[in-house]
Amino acid sequence: MSHDASAARTSGGPSANRTVLTAIAWAWVGIPFLYGVYSLVLKIPALF
Amino acid sequence: MAGGFFDRSAIVAPPGWSRWLVPPAALAVHLAIGQAYAWSILKQGLMDAEGLSGTATALPFQLAIVMLGLSAAVFGTQVERRGPRWAMFVATVCFASGFLISALGIALGQFWLVVVGYGFVGGIGLGIGYISPVSTLMKWFADRPGMATGIAIMGFGGGALVAQPLSNGLLGAFGRTSGGVASTFLVMGIAYGVFMSLGWLLVRVPADDWRPPNAPAASEEKADDGPAVSASTALRTPQFWLLWVILCFNVTAGIGLLEKAEPLYREYFGQATTGQQLTAAVAAFVAILSLANMLGRFVWSSTSDVVGRKNIYRLYLGVGALLYVVILLLGNSNKVIFLVAALFILSFYGAGFATVPAYLKDLFGTYQVGAIHGRLLTAWSAAGVLGPLIVNSIVESQGPEGTGPSRYVVSFSIMIALLVIGFIANELIRPVDPKHSVADVERDRTATSEGASR
């Protein structure tokens, strides 16, 4: 494959659908993870 | 090769596919299987509901950890050949089935089904799931392999943070009876099955001619050029076994602290605090160690992309040993320094896991790095036995005459010695002799056979 085509693969802007998909995918894993971190951080002040 | 839905050839990324879709796919698996670290909550539920002993209810977890190491080692080559979608799907089925079999066992009053379900079947899901995204992430992020695997393996550390409120909430809602605990396992099995499915639906492998966006323009190297050592050959190199020692001893040193976090804090600072405050402080200490363990995986592993793998392990092992010396020397005289030292030790423990796939990639290439990583995880299984054994046997052998920080002098001294041995092993690591790499024709044949069915 030519260099240009290869470059298009790497730097071509994602379509709107892919942007939405990326946002949903990160929210899918990010929301429960951040809730877990939040629950944990609430316990820390008891240490001091 | 016939290209089915689960075949590697079916998930070659189309042009324009964002590589930032791959970390959430990996996280969907790792955040789920990291639930294993929160087994203690389900364990307590089982003890309350079934009247089982602590030793009996520890069995499913212990078997799961053993199966993690074994299945990663045994299925590593299969995972490499069939690709991440197959591996993530198998991990999803095994891990979710483990909960469902356990739920059935609890409902029928057959505890052995919990051991088989969560421990054996679920443990296979842990092992295959753990290694499933590693080589794919390193191919997508060949320019930042430490960061990429750090994100995924941070997910494994963070899995307990998701599982703790989930398990507590479900046990609170269903009750700590046999029916309540069975329902908790049932709901968790279904929930994790759904949650992990994002992984195998979303994961993609890069096309052969794909390059990272920031690759030097002059470079014509492919992401998987460089060393290309097969898993079977890697096992015959000293580099593999030196890394095995490093991982085993680094993990042992971390477990030495993690295993005894609760009694350790009570021994060090219990005299200065009243009962209820102490309970809250102990819970906070365990929580802050979990946070350090998790963040260390991402922060230090990402840093390794800049400073190099050998240097970052010098930090984990060398500074880790010094921090243990600080804890030994200061005892309970300075709480802040104790906390800072403990946090860094735990961050190095987590980071040791997260950085090792990138270290393997540097030494052996991406050719069969997933399979090699799987075999290396037997070091984790060994450390899982070694760490608690050292700390528990030494601390408990001192009996009632040993009190306060003095109870930990011998076990922490052993941890320092292990870290020093690990440091020396790291110093002995040299690049793998190119004669161990597979011939270019074999590498090309593998790539072509993968590409032929696209």
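Residues numbered from 1 in each chain as written. Chains lettered and ligands numbered in written order. Predicted model: local features only at pLDDT ≥ 70, side-chain atom pairs only at ≥ 80, totals over all residues.

**Student:** So what exactly am I meant to see when it comes to the overall build of chain B here?
**Tutor:** Check the secondary structure of chain B and you find 18 helices and zero strands. For a compact globule of 454 residues, the expected C-alpha radius of gyration is about 22 Å, and chain B comes in at 22 Å, within 12% of that figure. Dimensions of chain B, computed from the C-alpha atoms along their principal axes, are close to 65 × 50 × 35 Å. Looking at chain B as a whole, 54% of its 454 residues qualify as buried. Of all intrachain contacts in chain B linking residues separated by at least 6 positions in sequence, the fraction that spans at least 24 positions is 84%. (Helix = DSSP H or I, 4+ residues; strand = E, 2+ residues; numbered from the N terminus. Rg over C-alpha atoms; globule rule 2.2 N^0.38 Å. Buried ≥ 20, exposed ≤ 12 C-beta atoms within 10 Å, placed from the backbone. Contact = placed C-beta atoms within 7 Å.)

**Student:** What's the story with the packing of helix 13 (residues 309–330) of chain B against helix 14 (residues 335–364) of chain B in this structure? I'm lost.
**Tutor:** How two helices pack is summed up by the angle between their axes together with the distance between the axes. Residues and elements named next belong to chain B. Between helix 13 and helix 14, whose axes approach to 9 Å, the crossing angle comes to 160°. One finds that helix 13 runs roughly antiparallel with respect to helix 14. The handedness of the crossing between helix 13 and helix 14 comes out as left-handed. In this structure, helix 13 uses Arg-309, Ile-312, Tyr-316, Gly-320, Leu-323, Tyr-324, Val-326, Ile-327 and Leu-330 to contact helix 14, whose residues at the interface are Ile-337, Phe-338, Ala-341, Phe-344, Ile-345, Phe-348, Ala-351, Gly-352, Thr-355, Ala-358, Tyr-359 and Asp-362. Residue composition of the contact of helix 13 with helix 14, grouped by class: 16 nonpolar, three polar and two charged. (Axes fitted to C-alpha atoms, helices over the stretch in contact; angles between N-to-C directions. Parallel < 35°, antiparallel > 145°, perpendicular 65-115°, else oblique. Left-handed = near helix turned anticlockwise from the far one by under 90°. Nonpolar A, V, L, I, M, F, W, Y, C, P; charged D, E, K, R; others polar.)

**Student:** Mind showing me how you'd approach the domain arrangement of chain B here?
**Tutor:** Often, the extent of an interface is quoted as the loss of accessible area on bringing the components together. Residues and elements named next belong to chain B. Along its sequence, chain B is organised into domain 1 (8–212 + 439–452) and domain 2 (231–436). Taking only C-alpha atoms into account, the centre of domain 1 sits 23 Å from that of domain 2. The biggest single contributor to the side of domain 1 that touches domain 2 is helix 7 (residues 145–174), with twelve residues. Here the side of domain 1 that touches domain 2 is built from residues that sort into 16 nonpolar, nine polar and four charged. (Domains from an automatic or database assignment.)

**Student:** What should I look at first to understand the interface of chain B and chain A in this one?
**Tutor:** Contacts between the two partners involve 31 residues from chain B, matched on the other side by 27 residues from chain A. Only helix 1 (22–33), helix 7, helix 8 (178–202) and helix 12 (275–307) of chain B provide two or more residues apiece to the side of chain B that touches chain A. Sorting elements by how many residues they give to the side of chain B that touches chain A places helix 12 of chain B first, with nine residues. Of the residues contributing to the side of chain B that touches chain A, the split by class is 24 nonpolar, five polar and two charged.

**Student:** Is there a simple way to think about helix 14 of chain B in this case?
**Tutor:** The periodicity of an α-helix, 3.6 residues per turn, causes residues three or four positions apart to be oriented the same way. Residue and element names in this part refer to chain B. Over its 30 residues, helix 14 runs 43 Å from end to end, which matches the ideal 44 Å to within 8%, given 1.5 Å per residue. Bending of helix 14 peaks at approximately 35° at the position of Thr-355, with proline Pro-357 no more than four residues after it. In terms of burial, helix 14 is a largely internal element, 24 of the 30 residues being buried. Once helix 14 ends, the next one or two residues include Gly-365, with phi positive near 80°. (Expected span 1.5 Å × (residues − 1). Bend = angle between axes of the 7 residues up to and from the residue.)

**Student:** Looking at this structure, how should I read the confidence of the model for chain B?
**Tutor:** Atom-level detail of predicted coordinates should not be read off regions where pLDDT is low. All names here are of chain B. Of all residues in chain B, 92% attain a pLDDT of 70 or more, and the chain-wide mean is 88. A low-confidence stretch, residues 448–454 (pLDDT under 50), is modelled with ten contacts involving residues beyond four sequence positions or located in other chains. Complex prediction metrics read pTM 0.84 and ipTM 0.82. (pLDDT = per-residue confidence, 0-100.)

**Student:** Please clarify how the nonpolar core should be interpreted in this entry.
**Tutor:** What tends to happen in soluble globular proteins is that the nonpolar side chains get buried as a cluster. All names here are of chain B. Core analysis: the biggest nonpolar cluster contains 157 residues, and Ala-91, Leu-247 and Ile-345 have the highest contact counts within it. No other element matches helix 14, which puts 17 residues into this core. Two domains each provide a minimum of three residues to this core, namely domain 1 (8–212 + 439–452) and domain 2 (231–436). (Core = buried A, V, L, I, M, F, W, Y, C linked by C-beta atoms within 7 Å.)

**Student:** I keep staring at the confidence of the model for chain A and nothing clicks. Help me out?
**Tutor:** The share of residues in chain A with pLDDT of 70 or more is 71%, and the mean pLDDT across the chain is 76. Across residues 1–12 of chain A the pLDDT falls below 50, and counting only partners more than four positions away or on other chains, this stretch makes 16 contacts in the model.

**Student:** Explain the packing of helix 2 (residues 39–50) of chain B against helix 3 (residues 54–82) of chain B to me, please; I cannot follow it from the model alone.
**Tutor:** Residues and elements named next belong to chain B. Helix 3 packs onto helix 2 with a crossing angle of 140° between their chain directions and a minimal axis gap of 9 Å. Taken together, the axis directions place helix 2 and helix 3 in an arrangement best described as oblique. Helix-helix and strand crossings are classified by hand; for helix 2 and helix 3 the assignment is right-handed. Listed contacts from helix 3 to Trp-39, Lys-43, Leu-46 and Met-47 of helix 2 are Gly-54, Thr-57, Ala-58 and Phe-61. Looking at side-chain class alone, the contact of helix 2 with helix 3 contains five nonpolar, two polar and one charged residues.

**Student:** How do you make sense of the environment of B:Phe141 when you look at a structure like this?
**Tutor:** Residues and elements named next belong to chain B. Take Phe-141: it is sitting in the loop between helix 6 (134–140) and helix 7. Judged by the 23 C-beta atoms lying within 10 Å of it, Phe-141 falls in the buried class. Sequence separation between Phe-141 and Val-187 is 46 residues, and the spatial gap between their C-alpha atoms is 35 Å. Ignoring anything within four residues of it in the chain, the contact list for Phe-141 reads Arg-19, Met-147, Ala-148 and Pro-212.

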